[in-house]
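# Notes for the structure review
Each chain, written out:
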Amino acid sequence: EETWVCVAAVATAHGIRGALKLRCFTERPEDVAAYGPVYDARGRRLFDLTVVGPAKGGVIANAEGIGDRTAAEALRGTELYVPRSALPDPENDEFYYSDLEGLDAFRRDGTRLGSVKRVVNHGAGDLIEIADSKGALHIVPFDKASVPLIDLENHRIEVAPRPEVVVEGEA
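Note that the coordinates shown come from a computational prediction; the quantities given were computed from them, not determined experimentally. (Residues numbered from 1 in each chain as written. Predicted model: local features only at pLDDT ≥ 70, side-chain atom pairs only at ≥ 80, totals over all residues. Heavy atoms only, no water.)

## Focus on a negative patch on the surface
Together, Glu27, Glu91, Asp93 and Glu94 line one region of the surface with negative charge. Checked against the element boundaries, Glu27 lands in the loop between β2 (19-24) and β3 (38-39). Take Glu27: its relative accessible area is 79%, and that puts it in the exposed class. (Patch = residues over 30% accessible without salt bridge, like charges linked within 9 Å, V, L, I, M, F, W, Y side chains within 5 Å. Areas by Shrake-Rupley, 256 points an atom, 1.4 Å probe, with all protein chains shown as cover. Salt bridge = Lys/Arg side-chain N within 4 Å of Asp/Glu carboxyl O. Lys, Arg positive; Asp, Glu negative; His and termini not counted. Charge placed at Lys NZ, Arg CZ, Asp CG, Glu CD. Helix = DSSP H or I, 4+ residues; strand = E, 2+ residues; numbered from the N terminus. Buried < 20%, exposed > 50% of the residue type's maximum accessible area, 1.4 Å probe, protein only.)

So, in structure tokens, the structure goes:
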């Protein structure tokens, strides 16, 4: 079964000919089109991308089959994925956010908090969502102070005791 990695999200349309402004999650925004066609979250092929220029927080890209502003606007908010196998292997001490999904999350005192549901970014920084056994979703800033340990080999992360947001029943 293929693992998918989100490389971008459509922020908005750009111009009248169907170009897309993409918010990129690749190390270099212009690399968003370097890994082949992009897919939706279900693994359905969407289109090939061609980067045409930089934009604040990402790039402007043309998408195969998207030829006008209306079609581009309809894609607003769409997350764009590529197969993990299309990406280069991460260096030592690096990882893809998708590698964290399903890891066990522990507090610094050793008590289990839950498991990592996903890492998200709504514009103000990365957040890690941790689902506990009672159905609550713990939302923690994803920074070194809040998540001081990521141990892929042992399938776990450590979460430092900081104020966190808990959304009941959202997991």
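## Some words on the packing of aromatic side chains
For any pair of aromatic rings, the description consists of the separation of the ring centres together with the inter-plane angle of the planes. This structure, assessed with the given rule, holds four aromatic pairs. Centre to centre, the rings of Phe95 and Phe142 are 6.5 Å apart; their planes meet at 45°, and the pair counts as tilted. With Phe95 in the loop between β7 (79-83) and β8 (104-107) and Phe142 in the loop between β11 (137-141) and β12 (149-151), this pair connects stretches of sequence that are 47 residues apart. The class of Phe142 is buried, set by a relative accessible area of 14%. An aromatic cluster is defined as three or more aromatic residues linked by ring pairs; in this entry it consists of Phe95, Tyr97 and Phe142. A cation over an aromatic ring shows up here: Arg156 above the ring of Phe106, its NZ or CZ 4.2 Å from the ring centre. (Phe/Tyr/Trp six-rings, centres within 6.5 Å; stacked < 30°, edge-to-face > 60°. Lys NZ or Arg CZ within 6 Å of the ring centre and 35° of its normal.)

## Brief notes about the pattern of salt bridges
Any two side chains of opposite charge can pair, so long as their charged atoms come close to each other. Considering all chains together, one arrives at 11 salt bridges under this definition. Of the charged contacts, one joins Asp48 and Arg45 as a salt bridge, the two residues approaching to 2.9 Å between their closest N and O atoms. The salt bridge partner of Glu73 is Arg69, with a shortest N-O separation of 3.6 Å. Of this pair, Glu73 and Arg69 both sit in helix α1 (residues 69-73), separated by four residues, roughly a single helical turn. Here Glu73 falls in the partly exposed class, since its relative accessible area comes to 26%. Under the relative-accessibility criterion, Arg69 is labelled partly exposed at 35%. Look at the salt bridges and you will find they share partners, linking Arg28, Glu30 and Asp31 into a network.

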